[in-house]
Amino acid sequence: MKLTSRITAVLTLAFIAVFSALTFFGEKRDISAEENRVLAEAPEISMNELYDGSTGDKLDRYVTDHFAGRSKWLVGNTVIRTELSESIVNGVYVSDERLISTDKCGISDTTAIAEIFDGFARNYDGMVYLAVIPTSAGVYGDVLPSHIVGRTESQQINELYDAIDSDIRKIDAYNILKMLKDNYIYYRNDTKWTSYGAYCVYKTVIQKLGFQPNSYDKYSIEHVTDSFRGDLYNRTLSRRPKADIIDIYEYHNGVEVTSCIVTRRDGINAEGQIFDRERLETGDMYSMYLGDSVPVMRISTSASTDKKLLVVKDSFGDCFIPFLLQHYSEITVVDPSVMNGKLSDYVNADDYGQTLFLFGTDTLSDREIIAKIA
């Protein structure tokens, strides 16, 4: 018995020593491609931080992020938890078909959010349009365990629309997507819609804006990757659902983009791209649409019209913008989540006859972001 105990102790100490050595002397990465996030840096030691305990916290995060074989341990943890529990890992429901967020972070204060949109509309000379897009959980959430289902995204959207009392044209994207839920309208590994899901809503949006939608058969569809795993995969590292396909829709013999200028977060203007294929080689493949998030993107086309559109959007708008290009000579795209100030610091909304707000319900839960459009 003593010999067995000694062997066990030696093996345990050897295991700890080997993994400690691999952790501290192994190659370090700045970014985790699997989780699509920046990893913790080694902390700098100071007496003040040693005294208040913050050095210990930073060191703990550093070791956790750089532990040898970390991604494989996370995958193993996900497999065990999905087998032994209700298949919920880091707030994500894991099934063979898809990953679904269980976070209850919807539109928390519909009255306050509605007042922000109303305030914009009252001080704007053109027409305002609002399309609130449900996340994948809003469309497929009926498969979640009953005890974690709260106020549905459909209810949240309806409450917001009812609370708006200005002349804003409200577009019902939810019922369009819910009706088409058996089609490939949302990614299996991400909260966002596919390009096909965006096209299905585009047909209604563009009619509200005063145009006839482009026919589906006028597009050529290129599958640029079939290995996309999005934000829900980053939280679970679960490979139970199939990887996703990312598509580019190109309109046959249509208008061309004559210029695309972005204003970066540092205020510098640069050339932008509608489809940045280089992003497919990164951990954030979805950013292939429009490239890196920037406060403002100004797109000019060869369309023979003087109509100009302002689009205020979140990431749901990224794959939606290309469908609008055939209808306007100029489209300015604004992303409040990366603006340092308010909307009026970047554009004069009255230069545009129409403004389209396109947000997912998850963004509307962040009042700080939405307040920037006031």
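Below is a summary of the structure that appears in this document. (Residues numbered from 1 in each chain as written. Predicted model: local features only at pLDDT ≥ 70, side-chain atom pairs only at ≥ 80, totals over all residues. Heavy atoms only, no water.)

### Remarks on the overall build of the protein
Now for step 1: For the protein, the helix and strand inventory stands at twelve helices and 15 strands.
Now for step 2: Out of the 374 residues belonging to the protein, those deemed buried represent 48%.
Now for step 3: Long-range pairs, those at least 24 residues apart, make up 72% of the contacts in the protein with a sequence separation of at least 6.
Now for step 4: Accessible area of the protein: about 19000 Å², with a carbon and sulfur share of 50%. (Helix = DSSP H or I, 4+ residues; strand = E, 2+ residues; numbered from the N terminus. Buried < 20%, exposed > 50% of the residue type's maximum accessible area, 1.4 Å probe, protein only. Contact = heavy atoms within 4.5 Å. Areas by Shrake-Rupley, 256 points an atom, 1.4 Å probe, with all protein chains shown as cover.)

### What to know about the pattern of salt bridges
Now for step 1: The final tally for this structure, using the stated rule, is 13 salt bridges.
Now for step 2: When the shortest N-O distance is used, the salt bridge between Lys-313 and Asp-318 registers 2.5 Å. The same class applies to Lys-313 as to Asp-318, namely buried.
Now for step 3: Ionic pairing is found between Asp-335 and Lys-313, a salt bridge with its closest N-O pair at 3.8 Å. Of this pair, Asp-335 sits in the loop between strand S14 (330-334) and strand S15 (354-360) while Lys-313 sits in strand S13 (residues 308-313), and the two are 22 residues apart along the sequence.
Now for step 4: Of the residues examined, Lys-313 reaches a relative accessible area of 5% and is grouped as buried.
Now for step 5: Each of the salt bridges in this network shares a partner with another, and the network as a whole consists of Asp-142, Lys-178 and Lys-181. (Salt bridge = Lys/Arg side-chain N within 4 Å of Asp/Glu carboxyl O.)

### Regarding the nonpolar core
Now for step 1: The biggest cluster of nonpolar side chains holds 61 residues, and the ones touching the most others in it are Ile-133, Tyr-186, Trp-193, Phe-320 and Leu-324.
Now for step 2: Top contributing element to this core by residue count: helix H9 (residues 195-208), with seven residues.
Now for step 3: Once you skip the residues sitting within four places of it in the chain, Ile-133 turns out to touch Ala-173, Leu-177, Tyr-186, Trp-193, Val-201, Phe-316, Leu-358, Phe-359, Gly-360 and Thr-361. (Core = buried A, V, L, I, M, F, W, Y, C linked by side-chain atoms within 4.5 Å.)

### Some thoughts on the packing of helix H5 (residues 110-122) against helix H7 (residues 153-163)
Now for step 1: Across the interface, H5 lies against H7 with an axial gap of 8 Å and an inter-helix angle of 50°. Taken together, H5 and H7 sit at an angle that is classed as oblique. The interaxial crossing formed by H5 with H7 has right-handed handedness. Here Thr-110, Ile-113, Ala-114 and Asp-118 of H5 lie close against H7, whose contacting residues are Gln-156, Glu-159, Leu-160 and Ala-163.
Now for step 2: Here the residues of the contact of H5 with H7 sort into four nonpolar, two polar and two charged. (Axes fitted to C-alpha atoms, helices over the stretch in contact; angles between N-to-C directions. Parallel < 35°, antiparallel > 145°, perpendicular 65-115°, else oblique. Left-handed = near helix turned anticlockwise from the far one by under 90°. Nonpolar A, V, L, I, M, F, W, Y, C, P; charged D, E, K, R; others polar.)

### Some details on H5
Now for step 1: Between its first and last C-alpha, H5 extends 18 Å over 13 residues, near the 18 Å set by a 1.5 Å rise per residue.
Now for step 2: Summarising burial for H5: ten of the 13 residues are buried, a large majority. (Expected span 1.5 Å × (residues − 1).)

### Brief notes about the side chain of Thr-135
Now for step 1: When you line up the elements, Thr-135 lands in the loop between strand S6 (127-133) and helix H6 (136-140).
Now for step 2: Residue classification places Thr-135 among the buried positions, given a relative accessible area of 7%.
Now for step 3: Those residues in contact with Thr-135 that sit more than four places away from it in its chain are Glu-153, Tyr-186, Thr-191, Phe-316, Thr-361 and Asp-362.

### Remarks on the sheet that holds strand S4 (residues 92-94)
Now for step 1: Ordered in space as S3-S4-S5, the three strands form an open sheet in which the pairing is antiparallel. Looking at the sheet topology across the chains shown, the edges are occupied by strand S3 (88-89) and strand S5 (99-101). (Pairing = 2+ DSSP bridges.)

### Some points on the environment of Glu-281
Now for step 1: Note that Glu-281 resides in the loop between strand S11 (269-271) and strand S12 (296-301).
Now for step 2: Considered as a pair, Glu-281 and Thr-225 are 56 residues apart in the sequence and their alpha carbons are 10.0 Å apart.

### Examining the environment of Ser-87
Now for step 1: Its place among the elements puts Ser-87 in the loop between helix H4 (70-84) and S3.
Now for step 2: Judged by relative accessible area, Ser-87 falls into the buried class, the value being 12%.
Now for step 3: Distance from Ser-87 to Pro-145, taken between C-alpha atoms, is 10.0 Å for residues 58 residues apart in sequence.

Just geometry here; none of it tells us what the structure is for.
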